[in-house]
There are 2 protein chains.
Amino acid sequence: MNNDKKISVAVIKRLPRYYRYLGDLLDNGITRISSNDLSKRMNVTASQIRQDLNKFGCFGQQGYGYNVELLYEEIKKILGLNKTYNLIIIGGGNLGQALVNYSNFARRGFNFIAIFDRNPKLIGLTVSGIEILDVAELKSFLENNRVDIGVLALPKDNAKQVAPILVENGIKGIWNFSHVDLDVPDNVVVENVHLTDSLMQISYAINGYVE
Amino acid sequence: MNNDKKISVAVIKRLPRYYRYLGDLLDNGITRISSNDLSKRMNVTASQIRQDLNKFGCFGQQGYGYNVELLYEEIKKILGLNKTYNLIIIGGGNLGQALVNYSNFARRGFNFIAIFDRNPKLIGLTVSGIEILDVAELKSFLENNRVDIGVLALPKDNAKQVAPILVENGIKGIWNFSHVDLDVPDNVVVENVHLTDSLMQISYAINGYVE
(Lines give C-alpha, C1' and ligand atoms only; values in the text may rest on other atoms or scores of the structure.)
Protein backbone atom coordinates (compact mmCIF):
# COMPACT_ATOMS: atom_id res chain seq x y z
CA MET A 1 0.00 0.00 0.00
CA ASN A 2 0.97 3.60 -0.40
CA ASN A 3 2.36 4.96 2.86
CA ASP A 4 1.71 8.53 1.80
CA LYS A 5 -1.99 7.95 1.55
CA LYS A 6 -3.85 9.89 4.19
CA ILE A 7 -6.32 7.98 6.31
CA SER A 8 -8.90 9.89 8.29
CA VAL A 9 -8.96 9.80 12.07
CA ALA A 10 -12.44 8.25 11.97
CA VAL A 11 -11.20 5.29 9.93
CA ILE A 12 -8.17 4.85 12.17
CA LYS A 13 -10.45 4.75 15.20
CA ARG A 14 -12.30 1.85 13.60
CA LEU A 15 -9.20 -0.14 12.64
CA PRO A 16 -8.61 -1.82 16.03
CA ARG A 17 -12.16 -3.15 15.87
CA TYR A 18 -11.59 -4.63 12.39
CA TYR A 19 -8.35 -6.08 13.70
CA ARG A 20 -10.15 -7.69 16.63
CA TYR A 21 -12.89 -9.23 14.49
CA LEU A 22 -10.42 -10.52 11.91
CA GLY A 23 -8.34 -12.06 14.71
CA ASP A 24 -11.46 -13.82 16.01
CA LEU A 25 -12.18 -15.14 12.52
CA LEU A 26 -8.64 -16.51 12.21
CA ASP A 27 -8.95 -18.12 15.65
CA ASN A 28 -12.04 -19.86 14.33
CA GLY A 29 -10.31 -21.03 11.17
CA ILE A 30 -12.22 -18.73 8.83
CA THR A 31 -9.92 -17.74 5.97
CA ARG A 32 -12.14 -15.59 3.80
CA ILE A 33 -15.15 -13.41 4.35
CA SER A 34 -17.43 -11.17 2.30
CA SER A 35 -18.10 -7.59 3.32
CA ASN A 36 -21.72 -8.66 3.85
CA ASP A 37 -20.80 -11.36 6.36
CA LEU A 38 -18.34 -9.08 8.13
CA SER A 39 -21.06 -6.44 8.17
CA LYS A 40 -23.46 -8.74 10.03
CA ARG A 41 -20.86 -9.68 12.61
CA MET A 42 -19.65 -6.15 13.23
CA ASN A 43 -23.02 -4.46 13.01
CA VAL A 44 -21.86 -1.83 10.51
CA THR A 45 -22.99 -1.53 6.91
CA ALA A 46 -21.20 -3.52 4.20
CA SER A 47 -20.66 -0.33 2.22
CA GLN A 48 -18.93 1.27 5.22
CA ILE A 49 -16.63 -1.74 5.44
CA ARG A 50 -15.79 -1.65 1.74
CA GLN A 51 -15.17 2.09 1.92
CA ASP A 52 -12.92 1.78 4.99
CA LEU A 53 -10.89 -1.13 3.68
CA ASN A 54 -10.51 0.32 0.19
CA LYS A 55 -8.98 3.41 1.78
CA PHE A 56 -5.89 1.51 2.76
CA GLY A 57 -5.66 -0.49 -0.39
CA CYS A 58 -7.39 -3.71 0.69
CA PHE A 59 -9.81 -4.63 -2.05
CA GLY A 60 -12.03 -7.65 -1.71
CA GLN A 61 -12.38 -9.86 -4.76
CA GLN A 62 -15.76 -10.12 -6.43
CA GLY A 63 -17.29 -13.49 -5.52
CA TYR A 64 -14.49 -14.30 -3.09
CA GLY A 65 -14.51 -11.55 -0.51
CA TYR A 66 -11.53 -10.70 1.65
CA ASN A 67 -8.63 -12.95 2.48
CA VAL A 68 -8.86 -12.75 6.27
CA GLU A 69 -5.20 -13.35 7.01
CA LEU A 70 -3.89 -10.86 4.45
CA LEU A 71 -6.31 -8.24 5.69
CA TYR A 72 -5.39 -8.97 9.30
CA GLU A 73 -1.68 -8.63 8.56
CA GLU A 74 -2.21 -5.43 6.59
CA ILE A 75 -4.15 -3.78 9.41
CA LYS A 76 -1.57 -5.04 11.88
CA LYS A 77 1.12 -3.21 9.92
CA ILE A 78 -0.90 -0.03 9.59
CA LEU A 79 -1.51 -0.02 13.34
CA GLY A 80 2.21 -0.51 13.91
CA LEU A 81 1.63 -3.84 15.63
CA ASN A 82 4.40 -5.57 13.70
CA LYS A 83 6.81 -3.82 16.10
CA THR A 84 7.23 -3.80 19.86
CA TYR A 85 7.05 -0.79 22.13
CA ASN A 86 8.71 0.06 25.42
CA LEU A 87 6.34 1.72 27.86
CA ILE A 88 6.96 3.38 31.17
CA ILE A 89 4.22 4.36 33.54
CA ILE A 90 4.32 7.31 35.88
CA GLY A 91 2.02 6.67 38.81
CA GLY A 92 2.39 3.32 40.55
CA GLY A 93 -0.94 3.41 42.40
CA ASN A 94 -3.91 1.12 41.82
CA LEU A 95 -4.56 2.12 38.25
CA GLY A 96 -0.88 2.06 37.30
CA GLN A 97 -0.45 -1.37 38.83
CA ALA A 98 -3.59 -2.67 37.12
CA LEU A 99 -2.28 -1.50 33.74
CA VAL A 100 1.12 -3.12 34.29
CA ASN A 101 -0.55 -6.36 35.39
CA TYR A 102 -2.81 -6.49 32.35
CA SER A 103 -1.27 -9.17 30.18
CA ASN A 104 -3.15 -8.27 26.98
CA PHE A 105 -0.85 -5.34 26.29
CA ALA A 106 2.29 -7.49 26.21
CA ARG A 107 0.55 -9.90 23.84
CA ARG A 108 0.23 -6.99 21.40
CA GLY A 109 3.85 -5.93 21.77
CA PHE A 110 3.41 -3.21 24.40
CA ASN A 111 5.95 -3.93 27.13
CA PHE A 112 6.18 -2.04 30.38
CA ILE A 113 9.83 -1.61 31.32
CA ALA A 114 9.58 0.74 34.30
CA ILE A 115 7.17 2.24 36.82
CA PHE A 116 7.76 5.54 38.60
CA ASP A 117 6.20 7.07 41.67
CA ARG A 118 7.14 9.62 44.28
CA ASN A 119 5.51 7.82 47.18
CA PRO A 120 8.22 6.26 49.40
CA LYS A 121 5.76 3.52 50.35
CA LEU A 122 5.55 2.39 46.72
CA ILE A 123 9.16 2.91 45.64
CA GLY A 124 11.01 -0.41 45.70
CA LEU A 125 7.88 -2.55 45.38
CA THR A 126 7.68 -4.91 42.43
CA VAL A 127 4.67 -5.21 40.11
CA SER A 128 4.67 -8.04 37.55
CA GLY A 129 8.42 -8.23 38.00
CA ILE A 130 8.96 -4.51 37.44
CA GLU A 131 10.35 -2.39 40.26
CA ILE A 132 8.73 0.93 41.13
CA LEU A 133 11.42 3.60 40.84
CA ASP A 134 11.64 7.07 42.35
CA VAL A 135 10.24 9.60 39.88
CA ALA A 136 13.37 11.67 40.56
CA GLU A 137 15.16 9.09 38.39
CA LEU A 138 12.78 9.57 35.46
CA LYS A 139 14.99 11.91 33.44
CA SER A 140 18.13 9.80 33.68
CA PHE A 141 16.12 6.67 32.89
CA LEU A 142 14.82 8.30 29.71
CA GLU A 143 18.34 9.32 28.73
CA ASN A 144 19.62 5.77 29.11
CA ASN A 145 16.75 3.66 27.76
CA ARG A 146 14.63 3.48 24.66
CA VAL A 147 11.13 4.45 25.70
CA ASP A 148 8.38 4.76 23.10
CA ILE A 149 5.28 5.52 25.12
CA GLY A 150 4.82 7.25 28.47
CA VAL A 151 1.72 6.39 30.46
CA LEU A 152 0.39 8.96 32.93
CA ALA A 153 -1.64 7.54 35.79
CA LEU A 154 -1.21 10.20 38.44
CA PRO A 155 -3.10 13.22 39.79
CA LYS A 156 -3.63 15.97 37.26
CA ASP A 157 -1.27 18.57 38.70
CA ASN A 158 1.56 16.06 38.78
CA ALA A 159 0.74 14.96 35.23
CA LYS A 160 1.21 18.53 34.03
CA GLN A 161 4.67 18.56 35.58
CA VAL A 162 5.72 15.19 34.24
CA ALA A 163 4.51 15.56 30.64
CA PRO A 164 7.18 18.13 29.67
CA ILE A 165 9.92 15.84 31.01
CA LEU A 166 8.66 13.08 28.72
CA VAL A 167 8.46 15.42 25.75
CA GLU A 168 11.90 16.95 26.31
CA ASN A 169 13.40 13.48 26.39
CA GLY A 170 12.01 12.43 23.06
CA ILE A 171 8.84 10.50 23.97
CA LYS A 172 6.50 10.59 20.98
CA GLY A 173 3.40 8.98 22.50
CA ILE A 174 1.60 9.72 25.75
CA TRP A 175 -1.23 7.58 27.08
CA ASN A 176 -2.95 9.91 29.48
CA PHE A 177 -5.20 8.60 32.24
CA SER A 178 -4.82 11.79 34.28
CA HIS A 179 -7.89 13.96 34.25
CA VAL A 180 -6.33 16.94 32.51
CA ASP A 181 -5.67 18.08 28.96
CA LEU A 182 -1.96 18.16 28.19
CA ASP A 183 -0.28 20.86 26.17
CA VAL A 184 2.35 19.15 24.01
CA PRO A 185 4.02 19.89 20.65
CA ASP A 186 2.27 18.71 17.48
CA ASN A 187 4.69 15.85 16.90
CA VAL A 188 3.72 14.20 20.19
CA VAL A 189 0.57 12.06 20.22
CA VAL A 190 -1.63 12.15 23.29
CA GLU A 191 -4.32 9.52 23.65
CA ASN A 192 -6.61 10.39 26.55
CA VAL A 193 -8.53 7.88 28.64
CA HIS A 194 -10.68 10.07 30.85
CA LEU A 195 -12.57 7.49 32.88
CA THR A 196 -14.80 9.94 34.72
CA ASP A 197 -15.85 11.56 31.43
CA SER A 198 -16.73 8.12 30.15
CA LEU A 199 -18.93 7.39 33.18
CA MET A 200 -20.70 10.71 32.62
CA GLN A 201 -21.77 9.53 29.18
CA ILE A 202 -23.69 6.77 30.94
CA SER A 203 -25.25 8.97 33.63
CA TYR A 204 -26.31 11.38 30.90
CA ALA A 205 -27.89 8.64 28.82
CA ILE A 206 -29.76 6.83 31.58
CA ASN A 207 -31.29 10.13 32.66
CA GLY A 208 -33.39 10.49 29.58
CA TYR A 209 -31.62 13.10 27.49
CA VAL A 210 -31.33 10.70 24.60
CA GLU A 211 -30.57 11.70 21.06
CA MET B 1 -34.26 24.36 29.54
CA ASN B 2 -36.35 22.16 27.32
CA ASN B 3 -35.81 18.49 28.16
CA ASP B 4 -37.21 17.40 24.81
CA LYS B 5 -34.51 19.19 22.92
CA LYS B 6 -32.23 16.73 21.18
CA ILE B 7 -28.53 17.13 21.76
CA SER B 8 -26.11 15.45 19.40
CA VAL B 9 -23.75 12.74 20.59
CA ALA B 10 -20.79 14.91 19.60
CA VAL B 11 -21.91 17.72 21.91
CA ILE B 12 -22.58 15.29 24.75
CA LYS B 13 -19.08 13.88 24.36
CA ARG B 14 -17.73 17.39 24.90
CA LEU B 15 -19.86 18.20 27.95
CA PRO B 16 -17.68 16.47 30.57
CA ARG B 17 -14.78 18.57 29.36
CA TYR B 18 -16.77 21.80 29.75
CA TYR B 19 -17.81 20.59 33.16
CA ARG B 20 -14.20 19.98 34.17
CA TYR B 21 -13.01 23.40 32.99
CA LEU B 22 -15.89 25.20 34.64
CA GLY B 23 -15.17 23.32 37.89
CA ASP B 24 -11.54 24.45 37.70
CA LEU B 25 -12.67 28.04 37.17
CA LEU B 26 -14.95 27.85 40.22
CA ASP B 27 -12.10 26.36 42.28
CA ASN B 28 -10.06 29.40 41.29
CA GLY B 29 -12.81 31.86 42.26
CA ILE B 30 -13.64 32.87 38.68
CA THR B 31 -17.37 33.61 38.48
CA ARG B 32 -17.80 34.72 34.89
CA ILE B 33 -16.05 34.08 31.63
CA SER B 34 -16.42 35.06 27.98
CA SER B 35 -16.55 32.45 25.24
CA ASN B 36 -13.25 33.91 24.01
CA ASP B 37 -11.48 33.34 27.31
CA LEU B 38 -12.96 29.86 27.66
CA SER B 39 -11.89 29.22 24.07
CA LYS B 40 -8.25 30.03 24.88
CA ARG B 41 -8.23 27.77 27.93
CA MET B 42 -9.94 24.85 26.26
CA ASN B 43 -8.22 25.20 22.91
CA VAL B 44 -11.46 25.09 20.91
CA THR B 45 -12.93 27.96 18.91
CA ALA B 46 -15.18 30.49 20.62
CA SER B 47 -17.86 29.90 18.02
CA GLN B 48 -17.82 26.18 18.78
CA ILE B 49 -18.32 26.98 22.46
CA ARG B 50 -21.20 29.36 21.77
CA GLN B 51 -22.81 26.83 19.45
CA ASP B 52 -22.46 23.99 21.96
CA LEU B 53 -23.72 25.94 24.94
CA ASN B 54 -26.60 27.54 23.04
CA LYS B 55 -27.80 24.03 22.15
CA PHE B 56 -28.78 23.35 25.70
CA GLY B 57 -30.17 26.77 26.38
CA CYS B 58 -27.18 28.43 28.04
CA PHE B 59 -26.80 31.83 26.45
CA GLY B 60 -23.94 34.10 27.43
CA GLN B 61 -24.79 37.76 27.93
CA GLN B 62 -23.24 40.29 25.57
CA GLY B 63 -20.46 42.11 27.40
CA TYR B 64 -20.71 39.83 30.43
CA GLY B 65 -20.10 36.35 29.16
CA TYR B 66 -21.22 33.24 31.00
CA ASN B 67 -22.04 32.94 34.66
CA VAL B 68 -19.65 30.13 35.53
CA GLU B 69 -21.65 28.71 38.41
CA LEU B 70 -24.98 28.66 36.58
CA LEU B 71 -23.39 27.06 33.56
CA TYR B 72 -21.61 24.52 35.75
CA GLU B 73 -24.85 23.61 37.50
CA GLU B 74 -26.74 23.34 34.23
CA ILE B 75 -24.20 20.98 32.70
CA LYS B 76 -24.15 19.02 35.94
CA LYS B 77 -27.89 18.48 35.60
CA ILE B 78 -27.71 17.54 31.93
CA LEU B 79 -25.02 14.98 32.71
CA GLY B 80 -27.19 13.59 35.47
CA LEU B 81 -24.59 14.46 38.12
CA ASN B 82 -27.19 15.95 40.46
CA LYS B 83 -28.05 12.35 41.37
CA THR B 84 -26.09 9.44 42.74
CA TYR B 85 -25.62 6.05 41.11
CA ASN B 86 -25.12 2.57 42.47
CA LEU B 87 -22.51 0.60 40.58
CA ILE B 88 -21.53 -3.03 40.72
CA ILE B 89 -18.47 -4.41 39.07
CA ILE B 90 -18.13 -7.89 37.67
CA GLY B 91 -14.50 -8.88 37.65
CA GLY B 92 -12.56 -8.34 40.86
CA GLY B 93 -9.08 -8.61 39.35
CA ASN B 94 -6.51 -5.85 39.07
CA LEU B 95 -8.54 -3.57 36.86
CA GLY B 96 -11.74 -4.09 38.83
CA GLN B 97 -9.96 -3.35 42.08
CA ALA B 98 -8.29 -0.28 40.64
CA LEU B 99 -11.66 1.10 39.54
CA VAL B 100 -13.22 0.47 42.95
CA ASN B 101 -10.27 2.11 44.66
CA TYR B 102 -10.41 5.21 42.47
CA SER B 103 -11.91 7.85 44.72
CA ASN B 104 -12.78 10.31 41.94
CA PHE B 105 -15.87 8.34 40.96
CA ALA B 106 -17.44 8.58 44.41
CA ARG B 107 -16.79 12.33 44.42
CA ARG B 108 -19.03 12.56 41.34
CA GLY B 109 -21.78 10.41 42.86
CA PHE B 110 -20.80 7.04 41.38
CA ASN B 111 -20.75 4.57 44.27
CA PHE B 112 -19.60 0.99 44.01
CA ILE B 113 -21.80 -1.19 46.18
CA ALA B 114 -20.62 -4.68 45.21
CA ILE B 115 -17.89 -6.60 43.41
CA PHE B 116 -18.38 -10.03 41.88
CA ASP B 117 -15.93 -12.64 40.74
CA ARG B 118 -15.89 -16.38 40.22
CA ASN B 119 -12.34 -16.92 41.44
CA PRO B 120 -12.42 -18.58 44.92
CA LYS B 121 -9.14 -16.82 45.74
CA LEU B 122 -10.79 -13.43 45.35
CA ILE B 123 -14.22 -14.16 46.80
CA GLY B 124 -14.38 -12.90 50.38
CA LEU B 125 -11.60 -10.34 49.97
CA THR B 126 -12.43 -6.72 50.70
CA VAL B 127 -11.57 -3.80 48.39
CA SER B 128 -12.15 -0.27 49.68
CA GLY B 129 -14.52 -1.75 52.25
CA ILE B 130 -16.50 -3.71 49.65
CA GLU B 131 -16.52 -7.49 49.80
CA ILE B 132 -15.96 -9.52 46.64
CA LEU B 133 -19.00 -11.79 46.21
CA ASP B 134 -19.43 -14.99 44.24
CA VAL B 135 -20.76 -14.18 40.78
CA ALA B 136 -23.32 -16.96 41.36
CA GLU B 137 -25.04 -14.46 43.68
CA LEU B 138 -25.27 -11.78 40.99
CA LYS B 139 -28.87 -12.41 40.00
CA SER B 140 -30.26 -12.43 43.53
CA PHE B 141 -28.22 -9.33 44.36
CA LEU B 142 -29.76 -7.50 41.41
CA GLU B 143 -33.23 -8.56 42.49
CA ASN B 144 -32.71 -7.20 46.00
CA ASN B 145 -30.74 -4.01 45.40
CA ARG B 146 -31.03 -0.89 43.30
CA VAL B 147 -28.21 -1.04 40.79
CA ASP B 148 -27.89 1.64 38.12
CA ILE B 149 -24.70 0.77 36.31
CA GLY B 150 -22.95 -2.56 35.78
CA VAL B 151 -19.22 -2.47 35.14
CA LEU B 152 -17.66 -5.33 33.20
CA ALA B 153 -13.97 -5.92 33.89
CA LEU B 154 -13.58 -9.57 32.99
CA PRO B 155 -12.44 -11.69 30.03
CA LYS B 156 -14.50 -11.25 26.91
CA ASP B 157 -16.23 -14.64 26.87
CA ASN B 158 -17.38 -14.18 30.45
CA ALA B 159 -18.54 -10.64 29.69
CA LYS B 160 -20.83 -12.00 26.97
CA GLN B 161 -22.41 -14.36 29.51
CA VAL B 162 -22.83 -11.75 32.22
CA ALA B 163 -24.24 -8.90 30.13
CA PRO B 164 -27.63 -10.61 29.55
CA ILE B 165 -28.02 -11.18 33.30
CA LEU B 166 -27.55 -7.45 33.87
CA VAL B 167 -30.00 -6.55 31.12
CA GLU B 168 -32.66 -9.04 32.25
CA ASN B 169 -32.50 -7.57 35.73
CA GLY B 170 -33.13 -4.03 34.67
CA ILE B 171 -29.65 -2.51 34.43
CA LYS B 172 -29.81 0.46 32.06
CA GLY B 173 -26.12 1.32 31.81
CA ILE B 174 -23.11 -0.90 31.19
CA TRP B 175 -19.55 0.34 31.46
CA ASN B 176 -17.65 -2.21 29.41
CA PHE B 177 -13.92 -2.70 29.88
CA SER B 178 -14.04 -6.19 28.37
CA HIS B 179 -12.57 -6.39 24.91
CA VAL B 180 -15.77 -7.37 23.14
CA ASP B 181 -18.79 -5.64 21.62
CA LEU B 182 -21.96 -6.40 23.55
CA ASP B 183 -25.30 -7.06 21.98
CA VAL B 184 -27.92 -5.36 24.16
CA PRO B 185 -31.40 -3.88 23.61
CA ASP B 186 -31.65 -0.27 22.45
CA ASN B 187 -32.77 0.99 25.85
CA VAL B 188 -29.52 -0.12 27.48
CA VAL B 189 -26.51 2.17 27.16
CA VAL B 190 -23.10 0.60 26.69
CA GLU B 191 -20.04 2.78 27.11
CA ASN B 192 -16.93 0.93 25.97
CA VAL B 193 -13.45 1.51 27.30
CA HIS B 194 -11.30 -0.66 25.07
CA LEU B 195 -7.83 -0.01 26.45
CA THR B 196 -5.94 -2.03 23.86
CA ASP B 197 -7.72 -0.20 21.03
CA SER B 198 -6.69 3.06 22.65
CA LEU B 199 -3.03 2.00 22.77
CA MET B 200 -3.22 1.06 19.09
CA GLN B 201 -4.12 4.66 18.26
CA ILE B 202 -0.73 5.61 19.67
CA SER B 203 1.27 2.88 17.93
CA TYR B 204 -0.44 3.86 14.68
CA ALA B 205 0.39 7.52 15.11
CA ILE B 206 4.01 7.18 16.16
CA ASN B 207 4.64 4.97 13.14
CA GLY B 208 4.19 7.72 10.65
CA TYR B 209 0.74 7.14 9.18
CA VAL B 210 -0.38 10.56 10.27
CA GLU B 211 -3.39 12.38 8.91
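Residues numbered from 1 in each chain as written. Chains lettered and ligands numbered in written order. Predicted model: local features only at pLDDT ≥ 70, side-chain atom pairs only at ≥ 80, totals over all residues. Heavy atoms only, no water.

Visitor: Any details on the confidence of the model for chain A? Residues and values, ideally.
Guide: Residues with a pLDDT of 70 or more make up 94% of chain A, whose mean pLDDT is 91. In the predicted assembly, ipTM is 0.91 and pTM is 0.90. (pLDDT = per-residue confidence, 0-100.)

Visitor: Account for the relation of the copies chain A and chain B, with residues named and values stated.
Guide: To go from the first copy of the chain to the second, apply a rotation about an axis and then a shift along the same axis. For these two chains of identical sequence, chain A goes onto chain B by a turn of 180 degrees and a shift of 0.0 Å along the axis, with RMSD 0.0 Å. The relationship between the two copies is best expressed as a two-fold rotation axis. The position closest to the rotation axis in chain A is occupied by the C-alpha of alanine 98 of chain A, lying 3.2 Å away. Same-surface contact between copies: 100% of interface residues of chain A are shared with the interface of chain B. (Least-squares fit on C-alpha atoms with pLDDT ≥ 70 in both. Contact = heavy atoms within 4.5 Å.)

Visitor: Break down the nonpolar core for me, with residues and values.
Guide: Ranked by size, the top nonpolar core spans 98 residues in total, and within it Trp175 of chain A together with Ile75 and Trp175 of chain B carry the most contacts. Not counting residues up to four positions away in its chain, the partners in contact with tryptophan 175 of chain A are Phe105, Ile149, Gly150, Val151, Leu152, Glu191 and Val193 of chain A together with Leu195, Ser198, Leu199 and Ile202 of chain B. (Core = buried A, V, L, I, M, F, W, Y, C linked by side-chain atoms within 4.5 Å. Buried < 20%, exposed > 50% of the residue type's maximum accessible area, 1.4 Å probe, protein only.)

Visitor: Which residues make up the interface of chain A and chain B, and what are the values?
Guide: Contacts between chain A and chain B engage 60 residues on the former and 61 residues on the latter. Here chain A and chain B share an interface that buries about 5,700 Å² over both sides, 63% of which is from carbon and sulfur atoms. Put simply, chain A and chain B have eight salt bridges between them. A salt bridge links arginine 20 of chain B to aspartate 181 of chain A, with the shortest nitrogen-to-oxygen separation between them at 3.6 Å. At the boundary of chain A and chain B, one finds 24 residue pairs in polar contact (both at pLDDT 80 or more). At the level of elements, helix 1 (9-27), strand 3 (85-90), helix 5 (94-101), helix 6 (103-107), strand 8 (173-176), strand 9 (189-192) and helix 9 (195-205) of chain A are the ones that each hand at least two residues to the side of chain A that touches chain B. Tallying contributions element by element places helix 9 of chain A first for the side of chain A that touches chain B, with 11 residues. When the residues that make up the side of chain A that touches chain B are grouped by side-chain class, the tally is 33 nonpolar, 14 polar and 13 charged. (Buried area = accessible area lost by both parts, 1.4 Å probe. Salt bridge = Lys/Arg side-chain N within 4 Å of Asp/Glu carboxyl O. Polar contact = N/O pair within 3.5 Å; in protein donor to acceptor, adjacent residues only side chain to side chain. Helix = DSSP H or I, 4+ residues; strand = E, 2+ residues; numbered from the N terminus. Nonpolar A, V, L, I, M, F, W, Y, C, P; charged D, E, K, R; others polar.)

Visitor: Describe in detail the side chain of serine 178 of chain B, supporting the description with residues and values.
Guide: Residue and element names in this part refer to chain B. Relative to the assigned elements, serine 178 resides in the loop between strand 8 (173-176) and strand 9 (189-192). Overall, serine 178 belongs to the buried group, its relative accessible area being 1%. Not counting chain neighbours up to four residues away, the residues in contact with serine 178 comprise Leu152, Ala153, Leu154, Pro155, Lys156, Ala159 and His194.

Visitor: Tell me what's going on with the sheet that holds strand 6 (residues 130-134) of chain A, and back it up with residues and numbers.
Guide: Strand pairing within a sheet occurs via backbone hydrogen bonds; the two strands may be parallel or antiparallel. On the basis of which strands lie adjacent, the open sheet formed by seven strands has the order 5-6-4-3-7-8-9 (chain A) and mixed pairing. The open sheet has two edge strands with one neighbour each: strand 5 (126-127) and strand 9 of chain A. The sheet contact formed by strand 5 of chain A and strand 6 of chain A spans two bridges and is antiparallel. Residue pairing across strands places valine 127 of chain A opposite isoleucine 130 of chain A, the latter belonging to strand 6 of chain A. Its contacts with the sheet put helix 9 (residues 195-205) of chain B on strand 3, strand 4 (110-117), strand 7 (149-152), strand 8 and strand 9 of chain A, and the angle it makes with strand 8 of chain A is roughly 160 degrees. (Pairing = 2+ DSSP bridges. Axes fitted to C-alpha atoms, helices over the stretch in contact; angles between N-to-C directions.)

Visitor: Lay out the packing of aromatic side chains in plain terms, naming residues and giving numbers.
Guide: Residue and element names in this part refer to chain B. Under the definition given, this model contains 14 aromatic pairs over all chains. Relative to phenylalanine 105, the ring of tyrosine 102 has its centre 4.8 Å away and its plane inclined at 70 degrees; by these criteria the two rings are edge-to-face. Residue phenylalanine 105 is classed as buried on the basis of its relative accessible area, which comes to 0%. Between the aromatic rings of tryptophan 175 and phenylalanine 177, the centroid separation amounts to 4.8 Å while the plane-to-plane angle is 70 degrees, which identifies the pairing as edge-to-face. For tryptophan 175, a relative accessible area of 0% puts it in the buried group. (Phe/Tyr/Trp six-rings, centres within 6.5 Å; stacked < 30°, edge-to-face > 60°.)

Visitor: Give a detailed account of the environment of serine 47 of chain B, specifying residues and quantitative values.
Guide: Residue and element names in this part refer to chain B. Relative to the helices and strands, serine 47 resides in helix 3 (residues 46-55). Classification of serine 47 by relative accessible area gives partly exposed; the value is 44%. Considered as a pair, serine 47 and leucine 81 are 34 residues apart in the sequence and their alpha carbons are 26 Å apart.

Visitor: Which residues make up helix 1 (residues 9-27) of chain B, and what are the values?
Guide: The terminal C-alpha atoms of helix 1 of chain B lie 28 Å apart, and with 19 residues this matches the ideal 27 Å at 1.5 Å per residue to within 8%. Residue leucine 15 of chain B marks the point of greatest curvature in helix 1 of chain B, where the axis turns by about 30 degrees; the proline proline 16 of chain B follows within four residues. Looking at helix 1 of chain B, one finds that the buried residues are Val11, Ile12, Leu15, Pro16, Tyr18, Tyr19, Arg20, Tyr21, Leu22, Gly23 and Leu25 of chain B. Where helix 1 of chain B is buried, its residues contact helix 9 of chain A together with strand 1 (32-33), helix 2 (35-42), helix 3 and helix 4 (68-78) of chain B. Once helix 1 of chain B finishes, glycine 29 of chain B follows within two positions and takes phi at roughly 75 degrees, a positive value. (Expected span 1.5 Å × (residues − 1). Bend = angle between axes of the 7 residues up to and from the residue.)

Visitor: A description of unusual backbone geometry should follow, citing residues and the corresponding values.
Guide: Residues and elements named next belong to chain A. Notably, asparagine 43 is not glycine yet its phi reads approximately 60 degrees, a positive angle. The topology assignment puts asparagine 43 in the loop between helix 2 (35-42) and helix 3 (46-55). The exposure class of asparagine 43 is exposed, given its relative accessible area of 70%.

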